[in-house]
Amino acid sequence: MAAVVLATAGYDHKIRFWEASSRVCTRIVRHPDSQVNCLAIAHDKFYLAAGGNPHAMSGVRIFDVVNSSNSSPIAEFSHGGNVTSVGFQHDRSWLYSASEDGTIKIWDLRAPPRCQLTYTTVGEDGRPCACNAVALHPNQGELASADHAGLVRIWDLAADKCATELRSTDGRLSPVRSVAIASDTSYLVAGTNEANVYVWRPVQSKTYELEHVIEAAHEDGSDHAYILKCGISPDAQLLVTTSSDKTAKIWSVNRGWALEKTLAQHQRWVWDACFSADSAYLVTASSDHSARLWDLQSGAAIRYYSGHSLAVTCCALNDSSV
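Along each chain, residue indices are assigned from 1 in the same order as the chain's sequence is written. Totals for whole chains, interfaces and linings use all residues, but because this is a predicted model, local features are given only for residues with pLDDT of at least 70 and pairs of side-chain atoms are given and counted only at 80 or more. Excluded from the side-chain calculations are hydrogens and water; all other atoms, namely the structure's heavy atoms, are used.

## Some thoughts on the side chain of Ser244
(1) Moving on: Residue position: Ser244 is located in the loop between strand E21 (238-243) and strand E22 (248-252).
(2) Moving on: The buried label goes to any residue with under 20% of its type's maximum accessible area, the exposed label to any with over 50%, and the partly exposed label to all in between, with areas taken from a 1.4 Å probe on protein chains only. We classify Ser244 as buried; its relative accessible area is 5%. In this description a helix means any DSSP run of H or I spanning at least four residues, a strand means any run of E spanning at least two, and both kinds are numbered starting from the N terminus.

## Digging into the sheet that holds strand E18 (residues 197-204)
Whether parallel or antiparallel, the strands of a sheet pair through hydrogen bonds between backbone atoms.
(1) Moving on: In space, the four strands of this open sheet follow the order E16-E17-E18-E19, with antiparallel pairing throughout. Of all the strands in the sheet, just strand E16 (176-181) and strand E19 (207-214) have a single pairing partner and so form its edges. Neighbour to neighbour, the strand axes of the sheet diverge by 25° on average, direction disregarded. Paired strands, as defined in this entry, are two strands with at least two bridges between them according to DSSP. Axes here mean lines fitted to C-alpha atoms, for a helix over just the part in contact, with angles spanning 0 to 180 degrees between N-to-C directions.

## Here we look at the domain arrangement of the chain
It is common to report an interface's size as the accessible area lost on association of the parts.
(1) Moving on: Domain segmentation is taken from an automatic or database assignment of domains. Under the domain assignment, the chain is made up of domain 1 (1-104 + 265-321) and domain 2 (121-262).
(2) Moving on: Computed over C-alpha atoms only, the centres of domain 1 and domain 2 are separated by 21 Å.
(3) Moving on: Two residues qualify as a contact provided that any one of their heavy atoms is within 4.5 Å of a heavy atom in the partner residue. The partner domain 2 presents 35 residues to the 32 residues of domain 1 that form the contact.
(4) Moving on: Both sides of the domain 1 and domain 2 interface together cover about 2400 Å² of buried area, and 67% of this is carbon and sulfur.
(5) Moving on: With its nearest N and O atoms 2.6 Å apart, the salt bridge here joins Asp272 to Lys229.
(6) Moving on: Side-chain atoms alone can form a polar contact between residues adjacent in sequence; in general such a contact is a pair of N or O atoms within 3.5 Å, and within protein one must be able to donate a hydrogen while the other accepts it. For the pair domain 1 and domain 2, the interface holds 13 residue pairs in polar contact (both at pLDDT 80 or more).
(7) Moving on: Taken together, the elements giving at least two residues each to the side of domain 1 that touches domain 2 come down to strand E8 (83-88), strand E9 (94-99), strand E10 (103-108), strand E24 (270-275) and strand E25 (281-286).
(8) Moving on: Here the element with the most residues in the side of domain 1 that touches domain 2 is E24; it accounts for five residues.
(9) Moving on: Each residue gets one of three labels, nonpolar for Ala, Val, Leu, Ile, Met, Phe, Trp, Tyr, Cys and Pro, charged for Asp, Glu, Lys and Arg, and polar for the others, Gly among them. Looking at the side of domain 1 that touches domain 2 residue by residue, the classes come out as 13 nonpolar, 15 polar and four charged. In short, buried area is how much 1.4 Å probe accessible area vanishes from two parts on joining, totalled over both. We define a salt bridge as a side-chain nitrogen of Lys or Arg found within 4 Å of a carboxyl oxygen belonging to Asp or Glu.

Below you can see the structure in the form of structure tokens.
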């Protein structure tokens, strides 16, 4: 089994696996009937999930990471709209996915694979609204979703219901693009289409209090900069936000959410980012057809992964010791 699994994908309908240290592309999995919107690697590094456009394909496909000779999906699942987020439960007994069709689905991966639960994100008009992102709580029993109605919702899987809805205190419901939960469960963050970052702290079971807002976290000189992804380092000390302003920004939790570094070598939108297991490095994916590996201590881009012919919209890294 590879010590490091690094994958990128996007609009050129290809998933590329990389040898992280040498920048060599070791494998290409073709995804001919759809772009790839999101990637996730299982904790044990055996499987990779890819989400795309179900009008051309199944929506979610799972690929074998270990057997590089098998490029066919080992499982496929359906949504009614673009899949925006995928992820594995820790021991890989189930997978979660979210979609612009307004649903979050839990897929039982045991034989035969099947949809176990479905939740719907509903807007103020009572109709389904796009679910833009989902994050799995470290307790493995809750999901946090971010939706186009401007809400972050906490879903209790055991109770099979939405337990909490979170929104900004000023009442403005800008679409929420991304959500993440700290590994020590000490806080939850969400980034919006207005480039604001909201930080909530848990005060009791499934109840959160808004603690901090980073206003206009990204600015590109235009009327509007979007936050495209927010993520939390494994040690829960750093927050990354990526944006249409062509940068990724690193924020310090212990320094009151102060800006630590701006990573600014990409030439176009930065869509995605993922931390290394030791929280010392970051991989970013961009519309400039590339991905980069950053040393977070120096803020320097130390690896450049080129080979995609169109926008790279997602990346996934697993270098943990399983």
